[in-house]
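Spelled out, the chains give:
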Amino acid sequence: MAESRVEIQRGPKTEDIPIRTGLGLLAIQKKSELIEYDCKEADCGICLVRVLKGADNLSPVTTREADFLKAMRCDADERLACQARVFGDVSLKVEGDPDDDWDVP
Ligand code: FES
């Protein structure tokens, strides 16, 4: 079974996570919590990641994802983790520090 690697940087943390090739990026949730998500339907944007390397190793942007990225004026190297499937090694960056308190007062 083919395996790919997903390197994720978020704040001071970097993780290198193996993933079965062909699975969606959020499959790494079993081993890492550096990518957060909510809707899984290209509606909320919480799962937004910047692709540092290996953009060609992700599935093409779907119409639904493209609509969201355009509406939010995202950069060309940004993707929604809930929409992208992994077909080779990728390196990603997630904004924010994983140790930040996400609670709103
Ligand atoms: S989880 Fe909401 S857009 Fe990806």
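Help me understand the overall build of the protein, please; the structure alone is not making it clear to me.
When you go through the protein residue by residue, the secondary structure sums to 1 helix and 5 strands. The order of α-helices and β-strands along the protein, N terminus first, is β-β-β-α-β-β. With the principal axes as the frame, the protein shows a C-alpha extent of 45 × 30 × 20 Å. Within the span of the protein, comprising 105 residues, buried residues form 22% of the whole. Considering only contacts in the protein between residues 6 or more positions apart, those separated by 24 or more positions represent 64%.

Could you clarify how one ought to interpret the nonpolar core in this entry?
Within soluble globular proteins, side chains that are nonpolar tend to cluster in buried spots. In this structure, Val 6, Leu 25, Ile 35, Cys 47, Leu 80 and Ala 81 are the most contacted members of the largest nonpolar core, which totals 20 residues. Among the secondary structure elements, those contributing two or more residues to this core are β1 (3-10), β3 (48-53), α1 (63-71) and β5 (90-94). Setting aside residues no more than four positions away along its own chain, Ala 81 makes contact with Leu 25, Leu 26, Ile 35, Tyr 37, Cys 47 and Val 49.

Help me understand the sheet that holds β5, please; the structure alone is not making it clear to me.
Backbone-to-backbone hydrogen bonds join strands into a sheet, with any given pair of strands oriented parallel or antiparallel. Within the open sheet, the 5 strands sit side by side as β2-β1-β5-β3-β4. Their pairing is mixed. Single-partner strands in this sheet number two, and they are β2 (13-20) and β4 (78-80). Recorded for the sheet is a direction-independent mean angle of 35° between the axes of neighbouring strands. Bridge count between β3 and β5: 3 bridges; the pairing is antiparallel. Bridged to Val 51 within β5 is Leu 92.

Is there a simple way to explain the pairing of β2 in this structure?
The two faces of a sheet get side chains in turn, since along a regular strand they alternate between them. In this structure, β1 lies alongside β2, joined through 8 bridges in antiparallel fashion. Across the sheet, residue Glu 7 finds its bridge partner in β2, namely Asp 16. In this antiparallel pair of consecutive strands, β1 and β2, the connection spans 2 residues, and Gly 11 shows a positive phi of 55°.

Looking at this model, I keep getting lost on the environment of Met 72. Mind explaining?
Secondary-structure assignment places Met 72 in the loop between α1 and β4. In this structure Met 72 comes out as exposed when scored by C-beta crowding, with 11 C-beta atoms within 10 Å. Between the C-alpha atoms of Met 72 and Gly 45, which are 27 residues apart in sequence, the distance is 8.7 Å.

Looking at this structure, I do not really get unusual backbone geometry. What am I missing?
Peptide bonds are trans in most cases, and residues, glycine excluded, mostly fall at negative phi. With a phi close to 60°, Lys 40 is a non-glycine residue in the positive phi region. Checked against the element boundaries, Lys 40 lands in the loop between β2 and β3.

What counts as what
- Residues numbered from 1 in each chain as written.
- Predicted model: local features only at pLDDT ≥ 70, side-chain atom pairs only at ≥ 80, totals over all residues.
- Helix = DSSP H or I, 4+ residues; strand = E, 2+ residues; numbered from the N terminus.
- Buried ≥ 20, exposed ≤ 12 C-beta atoms within 10 Å, placed from the backbone.
- Contact = placed C-beta atoms within 7 Å.
- Core = buried A, V, L, I, M, F, W, Y, C linked by C-beta atoms within 7 Å.
- Pairing = 2+ DSSP bridges.
- Axes fitted to C-alpha atoms, helices over the stretch in contact; angles between N-to-C directions.

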